[in-house]
Amino acid sequence: MGINFCGEKDRLIHVMACDDTLRGIAVQHGQMAAQMVRAVDAGPLAAEALCQSVGAVMMMAALLKDRQQVGLQINGDGPLGEIYAVSDARLHVRASIAGLHAEAPSMAEGIGTGRLKVIRKLDEYEPAYTGIIELEQSEIAGDLARYFVQSEQIPTALALGETLSPDGVTAAGGFLIQALPGVKDRDLDQMIERIQNFGPLSQHLDQSPEAILKQLLPDHHIVEEQKPCFYCPCSRELFARRLVSLGEKDLRELADEEQTEVLCHFCGTRYQFDQQQMRALLLGAQIHDEYHPQAKTTK
Ligand SMILES: [Zn+2]
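None of these values were measured; they are calculated from a predicted model. (Residues numbered from 1 in each chain as written. Predicted model: local features only at pLDDT ≥ 70, side-chain atom pairs only at ≥ 80, totals over all residues.)

## A closer look at the nonpolar core
Among the nonpolar cores identified, the biggest contains 85 residues, and Ala 33, Ala 46, Leu 50, Val 54, Val 57, Met 58 and Val 93 are the most heavily contacted of them. Residue contributions to this core reach at least three from each of two domains, namely domain 1 (9-231) and domain 2 (236-295). Apart from the residues within four sequence positions on either side, Met 58 is in contact with Leu 12, Val 27, His 29, Ser 87, Leu 91, Val 93 and Pro 228. (Core = buried A, V, L, I, M, F, W, Y, C linked by C-beta atoms within 7 Å. Buried ≥ 20, exposed ≤ 12 C-beta atoms within 10 Å, placed from the backbone. Domains from an automatic or database assignment. Contact = placed C-beta atoms within 7 Å.)

See the structure below:
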């Protein structure tokens, strides 16, 4: 099961300009975002958060190599709850929003106050590296740009935008511009002026990523072009293992039910386990607990 959806129009472009001292990345992911929103049946505010978190994490992932992964996790006290998006270097991305039907007058109020985390897994054998900042604007693009400046010392401009209709997402995109060591003041000033003149990204979402980068960094060369995909690797086996890891006590309660249904929060796939299957998992948990007496977790 799981999902692997690649929208034919979805694209990410990575460019360099001004003797490789300015980096530009632009993404267009409206088709993928529309599919993600449909898969989990997200309301309008959650749909916006999904579009933005996915756009942001993909632009970070465009700088990864090989088996590296990056996650963006926003934990605010607003009705949206936890927002989480994760991508690998191939731009296989998935995202989940806790408050799928949250309502609030603005995204900032939907998110509330809390923290933004960037979780980088640079090597599959090494523990993940996590950078954290407090949310100030409670707005994904602004807070993530501040994260880059504060935690990674990279001056960054970041914009994310989407358009929604009653039927769902009609467009989604973003751009990220970073100033690297050695950048000339004149180049930086010109770039900032172009971004100011550009206006809100939501008015440019009908343009291609190239066209957007052409306006922000006119003399660029393309480093890489990638196709992002909505990819969820979930499976029945994966959820069976998760159920076993709940431990004997919780599993025993579930095994009393006629049917247990588990929902994947990333792709909306539902997995059903009947009583007989749950009892088999319970047996697995008993063996697991016996051999791993320290590993009793209720996560
Ligand atoms: Zn899934």
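## Comments concerning the environment of Asp 274
Within the secondary structure, Asp 274 sits in strand β14 (residues 270-274). Owing to 11 C-beta atoms within 10 Å, Asp 274 belongs among the exposed residues under this scheme. In this structure the C-alpha to C-alpha distance between Asp 274 and Ala 172, which are 102 residues apart in sequence, comes to 40 Å. (Helix = DSSP H or I, 4+ residues; strand = E, 2+ residues; numbered from the N terminus.)

## Focus on the sheet that holds strand β7 (residues 114-121)
Two pairing modes exist for strands in a sheet, parallel and antiparallel, and in both the strands are linked by backbone hydrogen bonds. One open sheet holds the seven strands; their spatial order is β1-β12-β6-β5-β4-β7-β8, and the pairing between them is mixed. The open sheet has two free edges, formed respectively by β1 (3-5) and β8 (129-134), since each of these has just one partner strand. Across the sheet, the mean angle from the axis of one strand to that of its neighbour is 20°, orientation sign disregarded. Two strands pair when backbone bridges link them, and strand β4 (residues 69-76) and strand β5 (residues 82-88) are joined in this way by seven bridges, in the antiparallel orientation. Within β5, the position partnered with Gln 69 by the bridge is Asp 88. Strands β1, β6 (92-97) and β12 (229-232) of the sheet are contacted by helix α1 (residues 30-40), whose axis makes an angle of about 35° with β12. (Pairing = 2+ DSSP bridges. Axes fitted to C-alpha atoms, helices over the stretch in contact; angles between N-to-C directions.)

## Examining helix α6 (residues 209-216)
Listed as buried for α6 are Pro 209, Ile 212, Leu 213 and Leu 216. Down the axis of α6, the buried side of the element spans an arc of 95°, and every buried residue falls inside it. Those residues of α6 that are buried are in contact with β2 (11-17), β3 (22-28), β10 (168-179), α5 (185-198) and β11 (220-226). (Arc of directions from axis to C-beta.)

## Some thoughts on the sheet that holds β11
Overall, antiparallel pairing links the five strands, which are arranged β9-β10-β3-β2-β11 in an open sheet. Of all strands in the sheet, those bounded by a partner on one side alone are β9 (156-165) and β11. Here the strands of the sheet are splayed against their neighbours by 15° on average, with no regard to which way each runs. Bridge count between β2 and β3: seven bridges; the pairing is antiparallel. When the bridges of β3 are listed, Val 15 appears paired with Gly 24. Lying on the sheet, α1 is in contact with β3, β9 and β10; it crosses β10 at an angle near 125°. Along the sheet, α6 makes contact with β2, β3, β10 and β11, crossing β3 at roughly 150°.

## Observations regarding the pairing of β14
In the sheet, strand β13 (residues 259-263) pairs with β14 via five bridges, with the strands oriented antiparallel. Each bridged residue has a counterpart across the sheet, and for Gln 259 the counterpart in β14 is Asp 274. Adjacent in sequence and paired antiparallel, β13 and β14 are bridged by six residues, among which Gly 268 carries a positive phi angle near 80°.

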